[in-house]
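Architecture at a glance
For reference, the chains in residue letters:
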Amino acid sequence: MDAGWRIDGAGVRDVIERGDTDAQQLSSGLGEVSATLDDVVGLLDDVVGPALRRFDERWQESATSVDRRTAAVIEAARVVIRDHISTDEDMAGLAGSGLRDAETVGARFSPRISQ
Amino acid sequence: MSTATVAGLGIGAFLALDASAISQGSANLRRGAGRLRDDGAQVAAGWKGLEAVYESPVAPALVSAMEPVGQVTSGMSGAMQSASVALDDYARAVESLQARHRSVAVDAAGFSRAAASRPDWQSEPSLLARQKSLQRSVSTMQSDFEDAREQCVAILDGIVAPTVQVTGTFTTSGTGLWDPKKLSSTSSLESMTPVRVNVWWTSLSPAAQSMYLATEPRLIGGLDGIPSSVRDMANRSRLDRELARLTAERDALNYAERTSSWTQQSEELDRRINAIATVRRVLKRPDRLLLNCDLTGPEVLAAVAVGNPDYADRIGVLVGGKGTTVEGALAKTDTSAQLLRARAGMVGGYLEREVVVIGWLGYAAPPTLADAASPTFAQDGQAALRSFTQGLAAARPSGATAATVTVGGHSYGALPVTLATQLPGSQVDNVVTYGGPGIAKTLPDDVSRYWMANSDDLIRGVVRSGWYKYQPSTDDDWVELSTDAVQVDGVGLVEGNDHNYLVDGTSTQHNLAAVIAGRPDKVVLHGQG
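Figured I'd write up the structure that's included with this text. If you're wondering where the values come from, they're calculated on a predicted model, not measured in any experiment. (Residues numbered from 1 in each chain as written. Chains lettered and ligands numbered in written order. Predicted model: local features only at pLDDT ≥ 70, side-chain atom pairs only at ≥ 80, totals over all residues. Heavy atoms only, no water.)

1. Some details on the packing of aromatic side chains
Rules: Ring pairs are drawn from Phe, Tyr and Trp, using the six-membered ring of Trp, whenever the two centres fall within 6.5 Å, and their geometry is named by plane angle: stacked under 30 degrees, edge-to-face over 60, tilted for the rest. Only DSSP runs of H or I reaching four residues or more are called helices, and only runs of E reaching two or more are called strands; each is numbered from the N terminus. Exposure classes here rest on a 1.4 Å probe applied to the protein chains alone. A residue is buried below 20% of its type maximum, exposed above 50%, and partly exposed in between.
As enumerated under the stated definition, the model contains nine aromatic pairs over all chains in all. Centroid distance Phe55(A) to Trp59(A): 6.4 Å. Interplanar angle 40 degrees. Geometry classified as tilted. Of this pair, Phe55(A) and Trp59(A) both sit in helix α2 (residues 48–95), four residues apart, which is roughly one turn of that helix. The exposure classification of Phe55(A) matches that of Trp59(A), with both residues buried. An aromatic cluster of three or more residues is present, and its members are Phe14(B), Tyr90(B) and Phe145(B).

Structure representation (structure tokens):
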């Protein structure tokens, strides 16, 4: 399969914004579970409580990594898409026709991202 | 007059705990974990919508970058479910102890009243016996509470919380950096000795064990010390999913195969896919257990047992040499293991289930002859092989007598075998090297050691050229076995030839079988053939 270039600007923005909303919901769920863990630790004795606290620390590490990952991917997507669209605009300007938000197909040029 | 009391009653730490609140908290965690799994899956699935609206060379990486989020949240959800099972078990134990305590307190009150009515109660045997019994009940409650705590702590400390890589620059340096294979996970279990792993596993409730099997099959399948049938179940459960994942990953690469780096990646995936396919084919043979299947490193590693080692009296472990890979050599090694098992059973007069032979492809063997000049590969495999043989001993059912373990090293395999046995506590009884280029110098005194080299084996040239300093020697109690055609108990055995030692019906195969069977009287010594 050939590596073509195609972007549906509105569609991409929609996916990114929905992804952002989903990621925020996930982040909020992670926070809720962490708070519940805190509550449960408070119910336990001085042996099991610290063990659950240790688990909580590992859990926080996981939660943080997931949170950062989603944020990093969404941010990266915004940059890539912005770069792609602005390159399209440059090219469109040169060609004298507006391509922004229009679906464009082909392999006419590479966006400004190094491979 | 001394007071009629029951020492310790009323001061148990479990009395201060609110079991129903712990249960409720655990249920809340479980619900939260379920929502997380759904939310994580939603993030990953929604992100895939990008495929329909954006196409470029970086698009596949951008889309797949979110996949680990779904996988990791699913793993986190499983980890939280495991924690909630541990907490539920703990809450039930506390609840039961509190109920027992109430009953004992009622009995103790009755005892106090009865004793109060008898100023000389200490000379009344029935009251003394009653006090002693109550005292015993209190002590038992205390120790049961300690056990419940220990079990809960063991489970909580063993739970893996998976993490996902955060850093990376996939948007500027091409696709593939956000590789799900690079998901990292840490666990205190992986640093435990096989004995401790076994103690941990056997202390878990059946519900907790099931939870681990369902949520952490990679970890459980790879832990030395876990019962063999459990490892087999865990490892088998991953094969179809891994195959599907790797195949999808390879197919996604096809469009970009025009550059050499992509082609290399595609070949790498092909190798891994072939390795899993080979494992699946071998497992279709009867009576096989998949004791290890490690897809995390550059080489796929595996161990397949013919029979269940946990219940065997005699165990043989075969370790291959240069070029031994799962995709290229597992099937052949497994066939050799099966034939060797039958031969050892015949030589020793054992029932089939009493002898088990394992093909251990658990280290990255040197791929080429030139690589085989380096001991690095063997050194890398040393700890893994030792842990594996320790695990064989640790995984035996409680009360079972120890099995006799023989490790056979073919060609370069002689090096990891002797290096692993060199370490203290390897739980190896016999070592046999055949066609080896050299050995580790010092083995513990209690390990019997044998070696064979076919007269036309080209490895003799390697030995002569001095690649490796140490060779088997009678000075170090090495016993050289015959490779010639011989008759043993009226059975004609043919001569071993070339670099092959496990061909059925050869004297070399017979000799290894006799050592595995623990029949030194049946081995044919060099010069006796």
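2. Topic: the interface of chain B and chain A
Definition in use: Two residues form a contact once any of their heavy atoms are found within 4.5 Å. Here the quantity called buried area is the accessible surface, traced with a 1.4 Å probe, that two parts lose on coming together, added over both. By salt bridge we mean one thing: a side-chain nitrogen of Lys or Arg within 4 Å of a carboxyl oxygen of Asp or Glu. For the purposes of these results, a polar contact is taken to be a pair of N or O atoms within 3.5 Å, where, inside protein, one atom must be able to donate a hydrogen and its partner to accept one; residues adjacent in sequence count only when each atom of the pair is a side-chain atom. Here the term charged refers only to Asp, Glu, Lys and Arg, the term nonpolar to Ala, Val, Leu, Ile, Met, Phe, Trp, Tyr, Cys and Pro, and the term polar to all other amino acids, Gly among them. Only strands joined by at least two bridges in the DSSP assignment are considered to pair.
With 60 residues of chain B at the contact, the number on the chain A side is 55 residues. Of the roughly 5000 Å² buried between chain B and chain A on both sides combined, carbon and sulfur atoms contribute 71%. Where chain B packs against chain A, one counts five salt bridges. The shortest N-O distance in the salt bridge between Asp46(A) and Arg149(B) comes to 3.6 Å. The interface formed by chain B and chain A contains 11 residue pairs in polar contact (both at pLDDT 80 or more). Of all elements in the fold, only α1 (19–47), α2 (50–53), β1 (54–55), α4 (67–116) and α5 (125–158) of chain B reach the threshold of two or more residues within the side of chain B that touches chain A. By residue number, the principal contributor to the side of chain B that touches chain A is α1(B), which donates 15 residues. For the side of chain B that touches chain A, the per-class residue count stands at 38 nonpolar, 15 polar and seven charged. As paired elements, strand β1 (residues 5–7) of chain A and β1(B) share two bridges and run antiparallel to each other.

3. As for the sheet that holds strand β7 (residues 430–434) of chain B
Residue and element names in this part refer to chain B. Our working rule: As a rule, the C-alpha atoms of each element are fitted with a line to give its axis, helices using only the stretch in contact, and angles between N-to-C directions run from 0 to 180 degrees.
The eight strands lie next to each other as β2-β3-β5-β4-β6-β7-β8-β9, forming an open sheet whose pairing is mixed. Unpaired on one side and paired on the other, β2 (288–294) and β9 (478–480) mark the two borders of the sheet. Each strand axis lies, on average, 20 degrees off the axis of its neighbour in the sheet, ignoring direction. Here strand β6 (residues 404–410) runs beside β7; their pairing, made up of five bridges, is parallel. Bridge pairing in β7 places His 410 opposite Tyr 434. Relative to the sheet, helix α12 (residues 376–394) contacts β2, β3 (301–306), β4 (314–319), β5 (355–361) and β6, its axis offset from that of β5 by approximately 155 degrees.

4. Quick word on the environment of Val405(B)
All names here are of chain B. Mapped onto the elements of the fold, Val 405 is located in strand β6. Note on Val 405: relative accessible area 4%, which makes it buried. For the pair Val 405 and Ser 426, spaced 21 residues apart in the sequence, the C-alpha separation amounts to 9.9 Å. Not counting chain neighbours up to four residues away, the residues in contact with Val 405 comprise Ile 315, Val 317, Gln 427, Val 428, Asp 429 and Asn 430.

5. Points about the environment of Leu269(B)
Residues and elements named next belong to chain B. Within the secondary structure layout, Leu 269 lies in helix α10 (residues 260–283). Its relative accessible area of 1% is what places Leu 269 among the buried residues. Separated by 21 residues in sequence, Leu 269 and Ala 248 place their C-alpha atoms 10.0 Å apart.

6. Observations regarding the pairing of β2(B)
All names here are of chain B. Counted residue by residue, β2 has six buried out of seven residues, so it is predominantly covered. As defined by bridge partners, β2 adjoins β3 across six bridges and the pair is classed as antiparallel. Counterpart to Asp 294 in the pairing with β3 is Leu 301. The turn joining β2 and β3, which pair antiparallel and follow one another in sequence, is formed by six residues.

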